[in-house]
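# A structural walkthrough
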Amino acid sequence: MKKTTKGFMAYLDEQEVRTIGNDLIVENKPHKIAISGSLDITKDKEGLKNAYELKRIIDATIEVLKYEDLPEKI
């Protein structure tokens, strides 16, 4: 598994795995983004960093999905 610090490219790099905080794992797959674990977004600089990282992943995922011709369900 490859961990990256670059921009998240949703659905493109199936080897990409990100860990946010200590317990939230995001796996990038061709047909899904798998998110497992938990994340405490604490009221401090680390919490802000973690919240932004999660937001970047979600935003990147939405950007791909909104321009695709999507089936009802896979």
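For the structure itself, look to the data block above.
Our subject in this report is the structure included herewith. (Residues numbered from 1 in each chain as written. Predicted model: local features only at pLDDT ≥ 70, side-chain atom pairs only at ≥ 80, totals over all residues. Heavy atoms only, no water.)

Moving on to the overall build of the protein chain. Summing up its helical and strand segments, the protein chain has one helix and three strands in all. Seen in sequence order, the protein chain has helices and strands lined up from the N terminus as β-β-β-α. When its C-alpha atoms are laid out on the principal axes, the protein chain stretches across 40 × 25 × 20 Å. Counting every position in the protein chain, which comprises 74 residues, the buried fraction comes to 24%. When contacts within the protein chain are restricted to residue pairs at least 6 apart in sequence, those whose partners lie at least 24 apart make up 23%. Only carbon and sulfur atoms are counted for the fraction: they give 54% of the accessible area of the protein chain, which is about 5,900 Å². Charge separation in the protein chain, taken as the distance between the mean sites of 13 positive and 14 negative side-chain charges, equals 5 Å. (Helix = DSSP H or I, 4+ residues; strand = E, 2+ residues; numbered from the N terminus. Buried < 20%, exposed > 50% of the residue type's maximum accessible area, 1.4 Å probe, protein only. Contact = heavy atoms within 4.5 Å. Areas by Shrake-Rupley, 256 points an atom, 1.4 Å probe, with all protein chains shown as cover. Lys, Arg positive; Asp, Glu negative; His and termini not counted. Charge placed at Lys NZ, Arg CZ, Asp CG, Glu CD.)

Moving on to the pairing of strand 3 (residues 33–36). Pairing geometry for strand 2 (residues 24–28) and strand 3, over four bridges, is antiparallel. Bridge pairing in strand 3 links Asn28 to Ile33. What sits between strand 2 and strand 3 in their antiparallel hairpin is a turn of four residues. (Pairing = 2+ DSSP bridges.)

With respect to the helices, strands and loops of the structure, Lys55 is situated in helix 1 (residues 45–65). Judged by relative accessible area, Lys55 falls into the partly exposed class, the value being 44%. With 31 residues separating them along the chain, Lys55 and Leu24 place their C-alpha atoms 13 Å apart.

We now examine the pairing of strand 2. Where burial is concerned, the two faces of strand 2 differ: the one with Leu24, Val26 and Asn28 is buried and the one with Ile25 and Glu27 is not. As defined by bridge partners, strand 1 (residues 17–20) adjoins strand 2 across four bridges and the pair is classed as antiparallel. Within strand 2, the position partnered with Thr19 by the bridge is Ile25. Between strand 1 and strand 2, which follow one another and run antiparallel, lie three residues, and Gly21 among them has a positive phi close to 65°.

Pairing is antiparallel in the open sheet, where three strands are placed in the order 1-2-3. Lying at the two open borders of the sheet, with one neighbouring strand each, are strand 1 and strand 3. Strand-to-strand twist of the sheet, defined as the mean angle between neighbouring strand axes without regard to direction, takes the value 15°. Against the sheet, helix 1 contacts strand 1, strand 2 and strand 3, and its axis sits at roughly 145° relative to strand 1. (Axes fitted to C-alpha atoms, helices over the stretch in contact; angles between N-to-C directions.)

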